[in-house]
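# Structural overview
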Amino acid sequence: MKSITDEIIVTENTPPAKRRPKLVSWLRKRAADLAPFATLAILVIFFGLASDSFLDIYNLRNILSQIATLSIVATGMTFVLLCGQIDLSVAAVATMTGVVAANLFSEAKLPEILAILIGIVVAGLFGLVTGWGTTKIGLPSFMMTLVAMQVANGAALFISKGKINYNVPPLLKSLGSDYIGPIPLVVVMGAIALLVGHLVLTYTRFGRYVYMTGSNRVGTELSGINTKLVIGTCLIISAVCAGIAGMLNTGRLGSAQSYGLDSFLLDSITAVVLGGTSLFGGQGGVKNTVIGLLVFGVLSNGLNQIQLDIYIRLLIAGLILLTALLINNYALKLRSVESAVESS
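Read on for an overview of the structure.

Cut-offs used in this document
- Here the residue numbers are simple positions, counted from 1 along each chain's written sequence.
- The predicted origin of the model limits local features to residues at a pLDDT of at least 70 and limits the giving and counting of side-chain atom pairs to 80 or more, whereas totals for whole chains, interfaces and linings rest on all residues.
- Calculation of side-chain values draws on the structure's entire complement of heavy atoms; hydrogens and water are dropped beforehand.
- Between N-to-C directions, angles cover 0 to 180 degrees, with each direction set by a line fitted to C-alpha atoms, over the stretch in contact for helices.
- Going along the chain from the N terminus, every DSSP run of H or I of four or more residues is numbered as a helix, and every run of E of two or more is numbered as a strand.
- The cut-offs work like this: below 35 degrees is roughly parallel, past 145 is roughly antiparallel, 65 to 115 is roughly perpendicular, and the gaps in between are oblique.
- Residue contacts follow a heavy-atom distance rule, with two residues in contact if any of their heavy atoms lie within 4.5 Å.
- Each residue gets one of three labels, nonpolar for Ala, Val, Leu, Ile, Met, Phe, Trp, Tyr, Cys and Pro, charged for Asp, Glu, Lys and Arg, and polar for the others, Gly among them.
- Buriedness for pockets is judged along seven lines, at least five of which must meet protein on both sides within 12 Å for an open set on the 1 Å grid over protein atoms alone, while cavities are sets there where a 1.4 Å probe fits but cannot get out, and lining residues have an atom within 4 Å of a point.
- Grid points are joined across faces, edges and corners, and a volume is the space filled by probe spheres set on the points.
- Throughout, exposure labels follow a simple rule: accessible area from a 1.4 Å probe, protein chains only, divided by the maximum for the residue type, with under 20% read as buried, over 50% as exposed, and the rest as partly exposed.

So, on to the packing of helix H8 (residues 170-177) against helix H12 (residues 227-253). Two numbers describe how H8 lies on H12: the axes approach to 7 Å, and their chain directions differ by 85°. As the angle between them shows, H8 and H12 are arranged roughly perpendicular. Across from Leu-172, Lys-173, Leu-175 and Gly-176 in H8, the residues of H12 making contact are Met-247, Leu-248, Gly-251 and Arg-252. Broken down by class, the residue content of the contact of H8 with H12 amounts to 4 nonpolar, 2 polar and 2 charged.

So this is what it looks like as structure tokens:
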């Protein structure tokens, strides 16, 4: 039988080639965080070389403007995905909220602040209903939010009668189109949403409960935490974020209509997952979402800058996003394997 001293000597005399290098171990553990950064860097370098105007300061500001309202929707979607759920109603709620606020202001002649606040409340009520259906009735969030999407789309169409309303609250126009120095105000609003979301998830008890619910719901419930309340609150947060984004988009365009925001749904999910947040909950966060948004914005803008044939642009974008998602998924598996090795 070997003594403890013998085992220590054997370990110390093990050739370096047979030991796992610390750098390799660190890279494998951080692969999930580094993969989105690497994707972003590759895209920036490629489009920077392919287009003379891509790295122009005005174009970079344009990228931020393009993802500003999407970043608010993605913030809410991050909460939902982290707790292991999905929200398919964000685009419809965003559209409906913009229509509600504009019509309350133009048709009901309500003060613009009141019209905006009612719009946010209506969006929150949709989140409350989807949260209630998911947690109390027991319907999957996929189905519950799918129903909410249909209802919200129908409400927007009914209220607007299919017409475009150009009489939107001036405050929304200001928030959607004004500047603070060289920075669009809508970009500031998006940054505020991301910052608040990050602070809540990182430094509050509720944020810890969100991660715990997504990682192990049964274990979290056994520890005395009301996971139903956590999930319901996340769905309300998602709906309110979608409503705010919808109204800001209405102000940015200067009109409210019952169509045009359908891309919010897939774009927000794609941006969140691109950043490294798991669809199965418990992993990721708003920091990851920021990187995913930048990847998404750079890709969309870059393909326009290089003037790629419009008939193949969507296909190329989809293939690039698929590749990035596969890389991120592989990186998550590497981190899981490395964590398992360290724990053993």
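Another aspect to go through is the layout of surface pockets. The calculated volume of the largest pocket comes to roughly 530 Å³. If you trace the largest pocket, you find 21 residues lining it, with Leu-70, Ser-263, Asp-267, Phe-296 and Ser-300 closest to the centre. Looking at the lining of the largest pocket, the elements with two or more residues in it are helix H4 (57-82), H12, helix H13 (263-274), helix H14 (286-305) and helix H15 (310-343). Here the lining of the largest pocket takes 7 residues from H14, the largest share from any one element. Split by residue class, the lining of the largest pocket holds 9 nonpolar, 9 polar and 3 charged.

With respect to the element layout, Thr-145 can be found in helix H7 (residues 141-160). Judged by relative accessible area, which is 0%, Thr-145 ranks as buried. What Thr-145 contacts, discounting residues up to four positions off in sequence, is Ile-86, Asp-87, Leu-88, Ser-89, Thr-130 and Leu-235.

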